[in-house]
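Summary of structural features
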Amino acid sequence: MRTPEDARDSPREAAWGVAYGIAAYSSWGVVPVFWKQLRHVGAVELLAHRTVWSLLSFVALTLAAGQGRALGAALRDRRVVAAMAVTGALVSANWVLFIYAVAVGRVLDASLGYFINPLLSVLLGMLFLRERLRPAQWLALGLAASGVVYLAVRAGSIPWIALGLASTFAVYGLLRKVVAVGSLPGSTLETSFIAPLGAAYLAALHAEGAGAAGHADLRTHVLLAATGIITALPLVWFTNAARRLSLTTVGFLQYLAPSGQFLLAVLVYGEPFTAAQAVSFAFIWTGLAVFSADAVLRARRTGRTSPS
């Protein structure tokens, strides 16, 4: 039986992992544009809609991919069910924090959170998966960490939105990497734990004559229904990447998402960009450049020494 580590060592699997990672993180980089269209809907209500429509999307994708039996097998495995209950709670917390940040005009805070996330992914990979860093990777990690610490010190307060987003998604990524369940069955299972809570909340709102469902315009209803596929596809791509790549590689690929969010926040939404943020982001981007250069050089050396 092939393990995730075996898949990670295969050049073909690694290439697919990189492709999945780029697709996931690029889409997350521009997704604030979508959520901005629903800022008139409350964050908790929007989370409830997202869980319900995501479950429907995951079920449809699972059946379309012919993975119904894999989903049934996952449901019979108590360890998988327990792990997916935890990942469901983690991804829900991450979703509501991100929705809130976009709704209140704090996309830069969200961007910072997803810049911090790779640092935590690298740390978790070292602690739990015994992944080792090369000297250049240590330098990249130190530069990025310095940028985060500098910003926190200059701000004079704990960036709770950023830290909340970073920690919930880093632990989520670790669990989805090590739990023996496919991306589609796992995502379907984890959303099945949280969707009933979302449905109950929406039903209670409707009974009180409140909420967007049944009261908003057609455009809002269409956008709410679209939250499912907008959520499902990138998450499937992410879990496919996480199972094929080291957490270190996954962590630094993630810089695509916050870079896109950063550009949207500053150039499109006009959020203020302070000197302290400029210094912090410069450290982080330099770290990413060092890491990327090291990865390219190592790939070239490996290509030259490979028998193929």
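Quick notes on the rules
Residues numbered from 1 in each chain as written. Predicted model: local features only at pLDDT ≥ 70, side-chain atom pairs only at ≥ 80, totals over all residues. Heavy atoms only, no water. UniProt positions renumbered as here; feature names shortened; annotations may be inferred. Helix = DSSP H or I, 4+ residues; strand = E, 2+ residues; numbered from the N terminus. Phe/Tyr/Trp six-rings, centres within 6.5 Å; stacked < 30°, edge-to-face > 60°. Lys NZ or Arg CZ within 6 Å of the ring centre and 35° of its normal. Patch = residues over 30% accessible without salt bridge, like charges linked within 9 Å, V, L, I, M, F, W, Y side chains within 5 Å. Areas by Shrake-Rupley, 256 points an atom, 1.4 Å probe, with all protein chains shown as cover. Salt bridge = Lys/Arg side-chain N within 4 Å of Asp/Glu carboxyl O. Buried < 20%, exposed > 50% of the residue type's maximum accessible area, 1.4 Å probe, protein only. Axes fitted to C-alpha atoms, helices over the stretch in contact; angles between N-to-C directions. Left-handed = near helix turned anticlockwise from the far one by under 90°. Contact = heavy atoms within 4.5 Å. Nonpolar A, V, L, I, M, F, W, Y, C, P; charged D, E, K, R; others polar. Core = buried A, V, L, I, M, F, W, Y, C linked by side-chain atoms within 4.5 Å.

With an unreviewed UniProt entry as reference, the protein is termed EamA family transporter RarD, source organism Sorangium atrum. According to UniProt, the comment filed for the protein under the heading Sequence similarities (unreviewed entry) is "Belongs to the EamA transporter family." In its Subcellular location (unreviewed entry) section, the UniProt entry covering the protein states "Cell membrane".

1. Overview of the UniProt feature "domain: EamA" (unreviewed entry) in the protein
When the UniProt feature table is mapped onto this chain, "domain: EamA" (unreviewed entry) is found at residues 16–151. The span residues 16–151 carries 85% helix and 0% strand; its end-to-end C-alpha distance comes to 35 Å.

2. Quick notes on the packing of aromatic side chains
Within the structure shown, the criterion is met by 17 aromatic pairs. Taking the centre distance of 6.4 Å and the plane angle of 85° together, the rings of Tyr114 and Phe169 count as edge-to-face. With Tyr114 in helix α7 (residues 107–128) and Phe169 in helix α9 (residues 160–178), the pair connects residues that are 55 residues apart, well separated along the chain. Members of the aromatic cluster, joined through ring pairs, are Tyr25, Trp28, Phe98, Tyr114, Phe169, Tyr172 and Phe238. Cation over ring: Lys36 sits above Tyr269, and NZ or CZ is 4.7 Å from the ring centre.

3. Quick notes on a nonpolar patch on the surface
Residues Tyr100, Val104, Ile158, Trp160 and Leu163 make up a contiguous nonpolar surface patch of roughly 480 Å² in combined accessible area. Secondary-structure assignment places Leu163 in helix α9. A relative accessible area of 35% places Leu163 in the partly exposed class.

4. Some thoughts on the packing of α9 against helix α11 (residues 218–244)
Closest axis-to-axis distance for the α9/α11 pair is 9 Å, and the angle between their directions is 65°. Handedness of the α9/α11 crossing: right-handed. Touching Phe169, Tyr172, Gly173, Arg176 and Lys177 of α9 are Leu235, Phe238, Thr239, Ala242 and Arg243, all from α11. Each residue belonging to the contact of α9 with α11 can be placed in one class, and the counts come to five nonpolar, two polar and three charged.

5. Observations concerning the pattern of salt bridges
Using the criterion set out here, one finds three salt bridges in the structure. Note that Arg134 and Asp294 form a salt bridge whose closest N and O atoms lie 2.7 Å from each other. Taken together, the residues span a long stretch of sequence, with Arg134 in the loop between α7 and α8 (135–155) and Asp294 in helix α14 (residues 275–305) at a distance of 160 residues.

6. Focus on the environment of Ala85
For Ala85, the position within the fold is in helix α6 (residues 78–103). By relative accessible area, Ala85 is classed as partly exposed at 31%. For Ala85 and Ala210, which are 125 residues apart along the polypeptide, the C-alpha to C-alpha distance reads 29 Å.

7. Looking at the nonpolar core
Counting 39 residues, the largest nonpolar core has Trp35, Leu38, Leu46, Phe98, Leu165, Tyr255 and Ile284 as its most contacted members. Counting residues per element, the ones that place at least two in this core are α3 (32–36), α6, α7, α8, α9, α11, α13 (256–268) and α14. Counting residues per element, this core draws most heavily on α7, at nine residues. Beyond its immediate stretch of four places on either side in the chain, Trp35 contacts Leu46, Arg50, Phe98, Ile99, Val102, Thr227 and Thr231. Membership of the second largest hydrophobic core comes to 22 residues, among which are Ala24, Phe58, Ala242 and Val250.

8. A few points about the side chain of Asn117
Note that Asn117 resides in helix α7. For Asn117, a relative accessible area of 1% gives the class buried. Sequence-distant contacts of Asn117, defined by excluding residues within four places in its chain, comprise Ala166, Phe169, Ala170 and Gln254.

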